[in-house]
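# Working through the structure, step by step
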Amino acid sequence: MRIHDLDLLIPRGDTASIDVELSGDIPEDGTIALVSMKHHLSDKNPLWSKEYPVVDGKFTIELSTDDTDYPPNTYKWDIRLLYSNGEVHTPMAPANFEIGDVVGDAESDEED
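Residues numbered from 1 in each chain as written. Predicted model: local features only at pLDDT ≥ 70, side-chain atom pairs only at ≥ 80, totals over all residues. Heavy atoms only, no water.

### Concerning the packing of aromatic side chains
The final tally for this structure, using the stated rule, is four aromatic pairs. The interplanar angle of 75° and the centroid separation of 6.4 Å between the aromatic rings of Trp-77 and Phe-97 together place this pair among those described as edge-to-face. Residue Trp-77 is located in strand β7 (residues 73-82), and its partner Phe-97 is located in strand β9 (residues 95-100); the two are separated by 20 residues in the primary sequence. A relative accessible area of 9% means that Trp-77 is categorised as buried. (Phe/Tyr/Trp six-rings, centres within 6.5 Å; stacked < 30°, edge-to-face > 60°. Helix = DSSP H or I, 4+ residues; strand = E, 2+ residues; numbered from the N terminus. Buried < 20%, exposed > 50% of the residue type's maximum accessible area, 1.4 Å probe, protein only.)

### A look at the nonpolar core
Grouped together as the largest cluster of nonpolar side chains are 25 residues, with contacts concentrated most on Val-35, Phe-59, Ile-61, Leu-63, Trp-77, Ile-79 and Phe-97. Listing elements by their share of this core, those giving two or more residues are β2 (7-11), β3 (16-21), β4 (32-38), β5 (48-53), β6 (58-63), β7 and β9. The biggest single contributor to this core is β7, with four residues. Residues within four places of Trp-77 in sequence aside, it is in contact with Leu-6, Leu-8, Val-35, Ser-36, Met-37, Ile-61, Met-92, Ala-93, Pro-94, Ala-95, Asn-96 and Phe-97. (Core = buried A, V, L, I, M, F, W, Y, C linked by side-chain atoms within 4.5 Å. Contact = heavy atoms within 4.5 Å.)

### Examining the side chain of Asp-78
Relative to the elements of secondary structure, Asp-78 occurs in strand β7. It turns out Asp-78 is buried and unbridged, and the closest side chain with the opposite charge, Arg-80, is 4.9 Å from it. (Lys, Arg positive; Asp, Glu negative; His and termini not counted. Salt bridge = Lys/Arg side-chain N within 4 Å of Asp/Glu carboxyl O.)

### Here we look at the layout of surface pockets
Taken as a whole, the largest pocket encloses approximately 380 Å³ of empty space. As for the largest pocket, its lining consists of 20 residues, and the residues nearest its centre are Val-20, Glu-21, Leu-22, Ile-79 and Pro-91. When residues of the lining of the largest pocket are traced back to their parent elements, those giving at least two are β3 and β7. For the lining of the largest pocket, the residue count by class is 15 nonpolar, two polar and three charged. (1 Å grid on protein atoms, 1.4 Å probe; cavity = no way out; pocket = protein on both sides within 12 Å on 5 of 7 lines; lining within 4 Å. Points joined across faces, edges and corners; volume = space filled by probe spheres on them. Nonpolar A, V, L, I, M, F, W, Y, C, P; charged D, E, K, R; others polar.)

### Section: a negative patch on the surface
A contiguous patch of negative charge on the surface is contributed by Glu-28, Asp-29, Asp-56 and Glu-87. On the secondary structure map, Glu-28 appears in the loop between β3 and β4. (Patch = residues over 30% accessible without salt bridge, like charges linked within 9 Å, V, L, I, M, F, W, Y side chains within 5 Å. Areas by Shrake-Rupley, 256 points an atom, 1.4 Å probe, with all protein chains shown as cover. Charge placed at Lys NZ, Arg CZ, Asp CG, Glu CD.)

### Remarks on the pattern of salt bridges
The tally for this structure, following the rule as stated, stands at three salt bridges. Between Lys-50 and Asp-67 there is a salt bridge whose closest N-O contact spans 2.6 Å. Taken as a pair, Lys-50 in strand β5 and Asp-67 in helix α1 (residues 65-68) lie far apart in primary sequence, 17 residues in all. Several salt bridges converge on common partners, so that one network encompasses Arg-12, Asp-69 and Asp-101.

Below you can see the structure in the form of structure tokens.
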């Protein structure tokens, strides 16, 4: 996995943990970070969304195999902060979430 600025490149089917530390106006504990991925920004529904509690301005994004097992392509992702008072802030513009192809299949144990 590689992260450049906010763009992410991850091989199809890989797992990852990404530590996020917010800067500037640090949200209070109890704020939820909503992380979502869409194929196109114009899509009504995301392919997936995950919620993480923000503690001391930090949270960890946990990507499972299901989150990255999509056809190789460039998708879009972002983070939105859901405050306990109902406010919603988006601390980052949508960025690229590129899923790359792989040579081997981690689920295959057959030899040719």
